[in-house]
Amino acid sequence: MRSIISLIGWAQSVLDAVRKRLDIIGPLLLRLYLVPVFWVAGNNKWNPLDGDSSLDSVIEWFGNPEWGLGLPFPALNAYLAWGAEYIGAILLALGLATRWVCIPLMITMAVAMATVHISHGWQAIHDLNSPFPAAEAGEAVERLARAKSILREHGNYNWLTEHGSFVVSNNGVEWAATYLVMLCALFFLGGGRYISLDYWIRRRYRE
C-alpha cells in the first residue's frame with residue numbers, strides 16, 4: 001500500500017513539474033481562440049479601415065424598441081461594444097493588459113446574453129441531442145428535415161451541402177456563455193509567460 005502511495009506521489013510530482021514548465025499553453029490557447037472571435041465581431045459592427053463601414057446600423061438596432069434591443073444611449077453602447085471587441089482582440093493578440101481587457105469583454109458577453117440570447121434558451125443551434133433543448137426544438141428539427149427532403153428532391157443537395165450540413169439557428173446563450181467562461185479563466189490566468197507583452201513588462205519593471 002505504501003509503495004502505491006509513493007508511486008502516486010511521484011506521478012503527481014512529475015505532473016506538477018511538467019505543468020509548471022508548460023503553463024504558457026493554457027493562456028496562449030485561450031487568447032488565440034478568442035482573438036478571431038472578437039476581431040470578427042468588432043469588424044462586423046464597424047471596420048474603421050473601410051470608408052463604407054459605420055456603426056449606424058448597430059446604433060439603430062441597439063436603440064429601436066420595436067425590432068431592436070431598445071437599449072438606452074444606443075450610440076454610446078454601440079461604441080463601447082465595438083471598442084471592447086475590436087481593441088480587445090488586438091490587446092489579446094499582444095497579450096497586453098490581458099486581465100484588464102477581459103473585464104469589458106466579459107461585460108459585453110453578459111449584456112449580449114441578457115439582451116439578445118437569453119430569451120432563446122441555451123442552445124445556439126437546435127439539437128435534440130444537446131443539453132437543454134428549447135421547447136420548439138422538436139418542431140425546428142422536423143422543419144429542417146422537411147427542408148432537406150425538398151432540397152434532395154428539387155435541388156442539387158450534394159452541392160449545397162458540400163462544405164457543411166444545414167442547421168437551424170436558435171441563437172441561445174451557449175456560445176456567448178462559452179466565451180464568457182473562457183474570458184473568466186483568462187482573467188485569473190493572465191496573458192501567460194513569455195508569449196505576452198504583460199510578462200515582459202512585468203518582468204522589466206519588477207527587476
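Before any of the text, the structure's been laid out above.
Residues numbered from 1 in each chain as written. Predicted model: local features only at pLDDT ≥ 70, side-chain atom pairs only at ≥ 80, totals over all residues. Heavy atoms only, no water.

### Some words on the overall build of the protein chain
No. 1: Across its full length, the protein chain carries nine helices and zero strands.
No. 2: In the protein chain, the order of α-helices and β-strands from amino to carboxyl end is α-α-α-α-α-α-α-α-α.
No. 3: Each of the three principal axes of the protein chain carries a C-alpha extent, and together these read 65 × 50 × 30 Å.
No. 4: For the protein chain, the residues scored as buried account for 31% of the 207 residues in total.
No. 5: Pairs at least 24 residues apart make up 67% of the contacts formed inside the protein chain by residues separated by at least 6 positions.
No. 6: Put simply, the protein chain shows about 13700 Å² of open surface, and 64% of that area lies on carbon and sulfur atoms. (Helix = DSSP H or I, 4+ residues; strand = E, 2+ residues; numbered from the N terminus. Buried < 20%, exposed > 50% of the residue type's maximum accessible area, 1.4 Å probe, protein only. Contact = heavy atoms within 4.5 Å. Areas by Shrake-Rupley, 256 points an atom, 1.4 Å probe, with all protein chains shown as cover.)

### What to know about the nonpolar core
No. 1: Leu34, Phe38, Leu92, Leu105 and Leu183 are the most contacted members of the largest nonpolar core, which has 20 residues in total.
No. 2: For this core, the secondary structure elements donating two or more residues are α2 (25–45), α4 (74–94), α5 (98–117) and α8 (174–189).
No. 3: Other than its neighbours up to four places away in sequence, Phe38 contacts Glu85, Tyr86, Ala89, Leu92, Leu105, Met109, Tyr179 and Leu183.
No. 4: Of all hydrophobic cores here, the second largest spans nine residues; its members include Ile59, Phe62, Ala81 and Trp82. (Core = buried A, V, L, I, M, F, W, Y, C linked by side-chain atoms within 4.5 Å.)

### Overview of helix α6 (residues 137–154)
In an α-helix, one turn spans 3.6 residues; hence positions three or four apart end up facing the same way.
No. 1: With 18 residues, α6 extends 26 Å between its outermost C-alpha atoms, agreeing within 8% with the 26 Å of an ideal straight helix rising 1.5 Å per residue.
No. 2: All of the buried residues along α6 are Ala137, Ala140, Leu144 and Lys148. What you see down the axis of α6 is that its buried residues fit within an arc of 80 degrees, all on one side. Every exposed residue of α6 that faces more than 90 degrees away from the buried side is listed here: Glu142, Arg143, Arg146, Glu153 and His154.
No. 3: Lining the buried residues of α6 we find α7 (157–160). (Expected span 1.5 Å × (residues − 1). Arc of directions from axis to C-beta.)

### Structural notes on the packing of α4 against α5
No. 1: α5 packs onto α4 with a crossing angle of 150 degrees between their chain directions and a minimal axis gap of 10 Å. In this structure, α4 crosses over α5, and the sense of that crossing is left-handed. Side by side, α4 and α5 meet where Ala84, Glu85, Gly88, Leu91 and Leu92 of the first sit next to Thr98, Val101, Pro104, Leu105, Thr108 and Met109 of the second.
No. 2: Considering only residue class, the contact of α4 with α5 consists of seven nonpolar, three polar and one charged. (Axes fitted to C-alpha atoms, helices over the stretch in contact; angles between N-to-C directions. Left-handed = near helix turned anticlockwise from the far one by under 90°. Nonpolar A, V, L, I, M, F, W, Y, C, P; charged D, E, K, R; others polar.)

### A look at unusual backbone geometry
No. 1: Backbone geometry at Ala97 places phi at a positive 50 degrees, although glycine is not the residue there.
No. 2: Structurally, Ala97 can be placed in the loop between α4 and α5.
No. 3: Of note, the phi angle at Phe132 is positive, near 55 degrees, even though the residue is not glycine.
No. 4: By the element assignment, Phe132 lies in the loop between α5 and α6.
No. 5: Owing to a relative accessible area of 59%, Phe132 belongs among the exposed residues under this scheme.

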